[in-house]
Amino acid sequence: MASMPTEQRQHARAPLELHVRYRRLNSFFADYTRNISRGGTFIETGTPLPLGTRFVLELTVPGRAEPFALSGEVIHAGARDGAVGMGIRFLWDDDAARIVFEEMVEGLMDRALGAHVSAGLLRGSRR
């Protein structure tokens, strides 16, 4: 009997669809996230970037005039949770920008899941 894979995520995720743009070689792509957390996101795409690729993505968030420009790294690609795409880990050079982004993600989770549920998820993901 095969064992189930162990959950490797460090941060709770909310099932949110947000518009994301990124560049591959000399072309821009527009796709959607399937979920998001403080630490990363899953982008649905039929043409995922190679593992280890670092790139800049623009994430459009409702209620925010400008998209977030985020650095990310592809940490897995292929099918996951019934969707094809790539898992992205966010990379930060600036703690202040990271904190602003994490607070925005927590607000999105509150609106999507309810404050009580998201607070429980976020508590469980802090280490």
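Notes on the structure in this doc start here. Keep in mind the model is a prediction, meaning the values are calculated, not measured.

1. Quick word on the pairing of strand 1 (residues 19–24)
Phase 1: As paired strands, strand 1 and strand 2 (residues 27–36) are joined by six bridges and run antiparallel to one another. Pairing of Arg 21 across the sheet is with Ala 30, part of strand 2.
Phase 2: The hairpin turn running from strand 1 into strand 2, its antiparallel successor, is two residues long, and Leu 25 in that turn takes a positive phi close to 55 degrees.
Phase 3: Relative to strand 4 (residues 54–59), strand 1 runs antiparallel, the two sharing three bridges. Paired with Arg 21 across the bridge in strand 4 is Glu 58.

2. Description of the packing of aromatic side chains
Phase 1: Summed over all chains, the structure comprises six aromatic pairs.
Phase 2: Pairing Phe 68 with Phe 101 gives two aromatic rings, centres 5.1 Å apart and planes at 85 degrees, and the pair type is edge-to-face. Within this pair, whereas Phe 68 is found in strand 5 (residues 68–80), its partner Phe 101 is found in helix 1 (residues 95–113), the two being separated by 33 residues in sequence.
Phase 3: The exposure class of Phe 68 is buried, given its relative accessible area of 7%.
Phase 4: Residue classification places Phe 101 among the buried residues on the basis of a relative accessible area of 0%.
Phase 5: These aromatic residues form a ring-pair network of at least three members: Phe 68, Phe 90, Trp 92 and Phe 101.
Phase 6: Here Arg 21 stacks its cationic end above the ring of Phe 28, 4.9 Å away from the centre of that ring.
Phase 7: A cation sits over an aromatic face here: Arg 64 above Phe 68, 3.7 Å from the ring centre.

3. Focus on the sheet that holds strand 6 (residues 83–91)
Phase 1: Within the closed barrel, the six strands sit side by side as 1-2-3-6-5-4. Their pairing is antiparallel. Adjacent strand axes in the sheet meet at a mean angle of 45 degrees, parallel and antiparallel pairs treated alike.

4. Some details on the nonpolar core
Phase 1: Ranked by size, the top nonpolar core spans 22 residues in total, and within it Ile 36, Phe 55, Leu 59, Met 86 and Phe 101 carry the most contacts.
Phase 2: Among the elements of the structure, strand 1, strand 4, strand 5, strand 6 and helix 1 are those that each provide at least two residues to this core.
Phase 3: Of the residues forming this core, the biggest block, five residues, is contributed by helix 1.

Rules used in this analysis
- Residues numbered from 1 in each chain as written.
- Predicted model: local features only at pLDDT ≥ 70, side-chain atom pairs only at ≥ 80, totals over all residues.
- Heavy atoms only, no water.
- Pairing = 2+ DSSP bridges.
- Helix = DSSP H or I, 4+ residues; strand = E, 2+ residues; numbered from the N terminus.
- Phe/Tyr/Trp six-rings, centres within 6.5 Å; stacked < 30°, edge-to-face > 60°.
- Buried < 20%, exposed > 50% of the residue type's maximum accessible area, 1.4 Å probe, protein only.
- Lys NZ or Arg CZ within 6 Å of the ring centre and 35° of its normal.
- Axes fitted to C-alpha atoms, helices over the stretch in contact; angles between N-to-C directions.
- Core = buried A, V, L, I, M, F, W, Y, C linked by side-chain atoms within 4.5 Å.

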